[in-house]
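For reference, the chains in residue letters:
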Amino acid sequence: MTNKQYQEYATKRSETSPCIINCIKAFITGGLICMIGEAFKQLYLYLNIDSDTSLLFASLSIILLTAISTGLGFFDKIARFGKGGALVPISGFANAITSEAIESKSEGLITGVATKMFTIAGPVIIYGITASIIYGLFYYIFIM
Amino acid sequence: MNNNHLYFNNVFLNNTSSVVGKKEFEGPLSSAFDLYSNDEYFGKSSFEEAESEMVRQNLNVLFKKAQKLPTDIDYVFGGDLVNQCVATSFAIENYQIPFIGLYGACSTAIESIICASVFINGGFAKNCVGVTSSHFCTAERQYRFPLEYGSVRTPTSQNTVTASGAFLISNTPSIIRIKSAMIGKIVDKEITDANNMGAAMACAATNTIKRFFEDGNMKTEDFDVICTGDLGYEGHSIAREMLNLEGLDIKTEFTDCGMLIYDKNKQDIVAGGSGCGCVASVLAGHFYKLLSNNKIKNLLIVGTGALLNTNSALSGRSIPSIAHAIHLSTEA
Amino acid sequence: MNYLISFLIGGLLCIPAQILLDKTKLTNARILTLYVVVGVILGGIGVYKPIADFASTGATIPLTGFGYTLSKGVKEAVESEGFIGIIKGGLIATSTGISFTLFVALLTSLFCKSHTK
């Protein structure tokens, strides 16, 4: 058996995750997280905060809830159920940063926590900014 | 051909000890282990220190059980999965025993027993200790993601075992004899998926098992159990198919340490256990008991290791794998 | 009604990620990055704004919303400040989210320990 044949054999026989069930779980989890965000937004609107700020505060509330549940050690359980549904909302971003921070405590606050925070979240920020700068250039040259 | 089958005279496995974590103790082999800890930190402040503490406790148990002092031990052979084997180095610094650090990923336990046996057979030592360990939390952190990160596990990914196993190998006769060994060659089938280490290691196991039986001195039916290191469910069934393809029919019980240590139905385990501590604790606990109670007479244990590191995995390189085999017997 | 729309759109946005997770070997970090970049592109070509106006939190909480905010920030900054806005705009618009996440993560790390699984 050549290496290539073996790779194909191994990939073929390895059980794949049940995609449809996972998608349903992701849909429900992601939807619920956004719905909790909506509830926060309505609360802030009720407190007479303007609509743009309420929307921002709703995201911040989800970030805070994620950080707390990560710290107490049950966010990963939500993620194990909801998979993509917990990853895609801002909770996935907050969880990546918080979990790295907690885990790296033993290497110190500077070289551990502060450095490692960006291992998963860094690429998101860096490529997000890069994409926005490229878009900005286009917008400046062609549309303005 | 460099297919040297090492045959030993008068090398004995005098005693063993094992320390495991909570999840391993809740598994089906719980009664076979000497010590367990409910606290994943083993009373320390970081997981790396916890792993060293686990090894220290394990060695203390071994010395107590075997009624030996650290000064009676000529050499320690040991290793673990934490970068550059620091867990073992920290653990044994206070014993002041000459130390040889080894790395063979999950095969380290068998590697350490083979090295110790060679030293004893060559007359360079009377008593040697082989000790290896792995800790779920240190391995997870090093190879995968932080513990609190909501990472997604694929159905072929294995669970690193929190355990340590120690072996006292000596020229003083005892029931269990280390009869022979086969040192593995690197087998690389260019599998790149670090979540499917079983598939990468299965071919190394197949290769070593085949070479073990090549000289025709032993047949598979001479063994009561043939046990692979920690291929897990996926890798083990690949190994079985590959052996059939190679024309070697295993006519005896064929199992895997990664499958024995957890209860797949009751515990949240995807493809079984892995890690240096897996073979070590299953051999030191479960199989040592079976051998010394004469439930089994001949055991072939094949420790398998996936020799990747985080950089090689990220740069898309394949997983070189290795397997070492030893034959333990209660017959003269 | 707001809740239902938020639930449906938020949930729908998670499905492509799940398919990528199951069918490809893409890791979480790559998928998150992809989502943000896609958000910037969709925001840039003007597709995401109507979705965000319609679904509110359902579209802003998923990471595509983060990308959309980046593009919106750049666009507004370019309009009001010209060339410098290209560089300035993205992070200014998303600064609240990033700063708050980093701060909260640091605080959490001071008080919490990792647990075994």
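Presented here is an overview of the structure given in this document. Per chain, residue numbering runs from 1 following the sequence as it is written. Chains and ligands are labelled sequentially in the order written, the chains with letters from A and the ligands with numbers from 1. Local features in this predicted model are restricted to residues whose pLDDT is 70 or higher, and side-chain atom pairs enter the listing and the counts only when it is 80 or higher, whereas totals over whole chains, interfaces and linings include all residues. The side-chain quantities take in all heavy atoms of the structure and omit both hydrogens and water.

Moving on: the overall build of chain B. Runs of H or I in DSSP of at least four residues are treated as helices and runs of E of at least two as strands, each being numbered from the N terminus. Helix and strand counts for chain B come out as ten helices and 14 strands. Since a compact globule built from 332 residues should have a radius of gyration of about 20 Å, the 18 Å found for chain B is in line with a globular shape. Only protein chains enter the calculation, and the probe is 1.4 Å; a residue is then buried if its accessible area is under 20% of its type maximum, exposed if over 50%, and partly exposed in between. Buried positions account for 62% of the 332 residues belonging to chain B. For this analysis, residues touch if any pair of their heavy atoms sits within 4.5 Å. For chain B, long-range pairs separated by at least 24 residues make up 79% of all intrachain contacts whose partners lie at least 6 apart in sequence. Within this scheme the basic residues Lys and Arg register as positive and the acidic residues Asp and Glu register as negative, but His and the chain ends are omitted. Where a charge sits is defined by one atom per residue type, namely NZ (Lys), CZ (Arg), CG (Asp) or CD (Glu). Of the side-chain charges in chain B, 26 are positive and 34 negative, and the distance between the mean point of each set is 5 Å. Radius of gyration here is computed from C-alpha atoms only, and the compact-globule reference equals 2.2 Å multiplied by the residue count raised to the power 0.38.

Below, the discussion takes up the interface of chain A and chain C. Taken together, the contact between chain A and chain C spans 70 residues of the former and 64 residues of the latter. Defined here as a combined quantity, buried area equals the accessible surface (1.4 Å probe) lost by two parts on assembly, summed across both. For the pairing of chain A and chain C, the buried interface totals around 5800 Å² over both sides, and the portion due to carbon and sulfur atoms is 78%. Considering only the side of chain A, the residues that lose the most area to chain C are F27(A), V88(A) and Y135(A), jointly responsible for 12% of the buried surface there. Throughout this description, the term salt bridge denotes a Lys or Arg side-chain nitrogen within 4 Å of a carboxyl oxygen of Asp or Glu. The interface formed by chain A and chain C contains zero salt bridges. What qualifies as a polar contact is a pair of N or O atoms within 3.5 Å, subject to a donor-acceptor requirement within protein and to the restriction that residues adjacent in sequence count only when both atoms come from side chains. Across the contact surface, chain A and chain C share eleven residue pairs in polar contact (both at pLDDT 80 or more). Where the side of chain A that touches chain C is concerned, the elements lending two or more residues are α2 (19–46), α3 (51–72), α4 (75–82), α5 (84–87), α6 (90–103), α7 (109–116) and α8 (118–143) of chain A. Ranked by residues supplied to the side of chain A that touches chain C, first place goes to α2(A) with 17 residues.

Residues and elements named next belong to chain B. Its location among the elements puts K289 in helix α9 (residues 276–292). Taking the relative accessible area as the measure of exposure, K289 reaches 38% and is therefore partly exposed. Separated by 273 residues in the primary sequence, K289 and T16 place their C-alpha atoms 9.5 Å from one another. Ignoring sequence-local partners within four residues, the contact set of K289 consists of S31 and A32.

Taken together, the contacts link nine residues of chain C with 15 residues of chain B. Carbon and sulfur atoms make up 49% of the area that chain C and chain B hide from each other, which totals about 1100 Å². Scanning the region where chain C abuts chain B turns up three residue pairs in polar contact (both at pLDDT 80 or more). Across the side of chain C that touches chain B, the residue classes break down as two nonpolar, four polar and three charged. Each residue is assigned to one of three groups, with Ala, Val, Leu, Ile, Met, Phe, Trp, Tyr, Cys and Pro labelled nonpolar, Asp, Glu, Lys and Arg labelled charged, and all others, Gly among them, labelled polar.

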